[in-house]
Amino acid sequence: MLTIIDKYILKRYLATFAVMLLLFIPIGIVVDVSEKINKLLENKVPIVEIALYYYNFTVYFANSLFPIFLFLSVIWFTSKLANDTEIIAILSSGISFTRFLRPYIMGASIVSVFVLLMGFFVVPSASEGFNNFRYMYLKGGGKEAMRGDNTDVYRQINDTDFIYVNSFNTETKTAFSFSLERFKNDKLVHKITASRITWNPKDSTYTLFDYAKRTVGPLNDVIVKLPEKKAVFDFDLEDLTPVVYIAETLSLGKLNAFIDKERERGSSNINVYLVVLYKKYSVPISAFILTIIAVAVSSMKRRGGMGTNLAIGIALAFSFVFFDKIFGVLAEKSSIPPLLAVWLPNIVFGILAIYLLRNAKR
């Protein structure tokens, strides 16, 4: 059963968090518009697409900075409770500090479930729209830039086949200097080469130009050459160079399937995809950690009032986001296991939360 105090604190928790979002998101939109207005006018972007972009921007922005918004909102209203001596009155009535935390934990649970579901189903779609717009209208290179480096692509497409292309054009669905090697028991079975290969959407086939196939025999090799040949392959040319932000645009089920597929292919970007997957679970858990830290820091009345608590809170919140970004990049670019890198900020700040909570109880 929720007591009157529980309902009062829980209501303040959720309401302050909502108000914090409503205050900062419009500010973020205004700043973004002021930075990009020249590009938008220069590229003559339709109003409908701009409106859709800022819807996606709102979801993307709120999800990225949710830890800061949550932390500051808890610091704000808890400091106000402390300054109005409401916390002293609550604890003096015989309620323990642990019991006092219960509505905060309930609020963190509600926010965590909301963020988790958003991360699984809503944020991927918003991320796709947000990034597509940026690359199409705000960055140079357009669709080509979305796919990063399209040169010297070497991929394993199944257990036996390996393909290589020198370069890949996303607009014409054409790859150049194509080769496919098939192995069996670590021995080359055959190799297919072509100066270029083009996707035919009408019949789902590929056309290979300057086609050559070398089949390795026990004594002599068999070589077949044709100026042009149609063939069916079990891969999509776009899979050779997926967009650089592909993992952010996939729902949970599709992301797991994509990671399994890329792991089988020996993708060099597998750590990038794993970081995105693990963050879907680690970010909601941070709501509990940051809530406990915020309550422990702001529940006592200080000489500096709310200003001191907010200063401490802002420093801790930005430290959390800083470490989260740093370890995420390290996981993508170094040999640090992605699971450890993603969860390390939660572990460090979780220990800090326990320490601060023990001191606050005293």
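Residues numbered from 1 in each chain as written. Predicted model: local features only at pLDDT ≥ 70, side-chain atom pairs only at ≥ 80, totals over all residues. Heavy atoms only, no water.

When you go through the protein chain residue by residue, the secondary structure sums to 12 helices and six strands. Rg of the C-alpha trace for the protein chain: 27 Å, well past the compact-globule value of 21 Å for 362 residues, more than 25% over. C-alpha atoms of the protein chain, sized along the principal axes, occupy 95 × 50 × 35 Å. Counting the 362 residues in the protein chain, one finds 44% classified as buried. Across the protein chain, the fraction of contacts at a sequence separation of at least 24, relative to all contacts at a separation of at least 6, is 62%. (Helix = DSSP H or I, 4+ residues; strand = E, 2+ residues; numbered from the N terminus. Rg over C-alpha atoms; globule rule 2.2 N^0.38 Å. Buried < 20%, exposed > 50% of the residue type's maximum accessible area, 1.4 Å probe, protein only. Contact = heavy atoms within 4.5 Å.)

Attention shifts here to the side chain of Thr 78. Among the secondary structure elements, Thr 78 is positioned in helix α3 (residues 66-83). Within the structure, Thr 78 has its side chain in polar contact with the backbone oxygen of Val 74 (distance 2.7 Å). (Polar contact = N/O pair within 3.5 Å; in protein donor to acceptor, adjacent residues only side chain to side chain.)

Turning our eyes to something else, we now look at helix α6 (residues 102-138). The end-to-end C-alpha distance of α6 is 46 Å, clearly below the 54 Å that 37 residues give at a rise of 1.5 Å each. Along α6, the sharpest kink reaches roughly 55°, centred on Gly 119. (Expected span 1.5 Å × (residues − 1). Bend = angle between axes of the 7 residues up to and from the residue.)

A separate point is the side chain of Asn 346. Here Asn 346 is to be found in helix α12 (residues 338-361). Once residues lying within four places of it in the same chain are set aside, the contact partners of Asn 346 are Ser 282, Ile 285, Ser 286, Ile 289 and Phe 320.

Bringing the layout of surface pockets into the picture now. With a probe scaled to a water molecule rolled over the atoms, the places where space remains empty come into view. Considered as a void within the structure, the largest pocket measures approximately 1000 Å³ in volume. Lining the largest pocket are 38 residues, with Tyr 60, Glu 248, Val 276, Lys 279 and Lys 325 sitting closest to its centre. Within the residue set of the lining of the largest pocket, elements represented by two or more residues are α2 (47-64), α6, α10 (270-298), α11 (306-333) and α12. Residue contributions to the lining of the largest pocket peak at 10 residues, all from α10. (1 Å grid on protein atoms, 1.4 Å probe; cavity = no way out; pocket = protein on both sides within 12 Å on 5 of 7 lines; lining within 4 Å. Points joined across faces, edges and corners; volume = space filled by probe spheres on them.)

Within the largest apolar cluster, 58 residues are counted, with the highest numbers of intra-cluster contacts made by Tyr 104 and Ile 293. Here this core gets 11 residues from one element, more than from any other, and that element is α3. (Core = buried A, V, L, I, M, F, W, Y, C linked by side-chain atoms within 4.5 Å.)

This part takes up the pairing of strand β2 (residues 161-169). Looking at chain direction, β2 and strand β3 (residues 174-184) are connected through seven bridges and run antiparallel. Bridging across to β3, Ile 163 finds its partner in Leu 180. Between β2 and β3, which pair antiparallel in sequence order, lie four residues; one of them, Lys 173, sits at a positive phi of approximately 55°. (Pairing = 2+ DSSP bridges.)

Any segment with low pLDDT has predicted coordinates that should not be analysed in fine detail. Per-residue confidence for the protein chain gives a mean pLDDT of 86; residues scoring 70 or more make up 93%. Confidence, read as mean pLDDT per element, is least for helix α7 (residues 142-146) in the protein chain (54) and greatest for strand β5 (residues 205-215) (93). (pLDDT = per-residue confidence, 0-100.)

Moving on, we come to the packing of helix α1 (residues 4-42) against α2. Look at α1 against α2: their axes get within 10 Å of each other, and the N-to-C directions meet at 135°. As far as their axial angle goes, α2 and α1 are oblique. In this structure, α1 crosses over α2, and the sense of that crossing is right-handed. On the side of α1, the interface is formed by Leu 21, Phe 24, Ile 25, Gly 28, Ile 29, Asp 32, Val 33, Lys 36 and Leu 40, while α2 contributes Ile 50, Tyr 53, Tyr 54, Phe 57, Thr 58, Phe 61 and Ala 62. (Axes fitted to C-alpha atoms, helices over the stretch in contact; angles between N-to-C directions. Parallel < 35°, antiparallel > 145°, perpendicular 65-115°, else oblique. Left-handed = near helix turned anticlockwise from the far one by under 90°.)

With a phi close to 55°, Thr 85 is a non-glycine residue in the positive phi region. Structurally, the position occupied by Thr 85 is in the loop between α3 and α4 (86-92). Note on Thr 85: relative accessible area 35%, which makes it partly exposed. Here Asp 210, not a glycine, exhibits a phi torsion of approximately 55°, which is positive. By the element assignment, Asp 210 lies in strand β5.

The next point concerns the packing of aromatic side chains. Under the defined criterion, the tally for this structure stands at 29 aromatic pairs. Note on Phe 323 and Phe 327: the rings are 6.3 Å apart at their centroids and 25° apart in plane angle, and the pair reads as stacked. Highlighted residues: Phe 323 and Phe 327, both in helix α11, separated by four residues, approximately one helical turn. Each residue in the set Phe 24, Tyr 53, Tyr 54, Phe 57, Tyr 60, Phe 61, Phe 69, Phe 130, Phe 133 and Tyr 137 is aromatic and connected to the rest through ring pairs, giving one cluster. (Phe/Tyr/Trp six-rings, centres within 6.5 Å; stacked < 30°, edge-to-face > 60°.)

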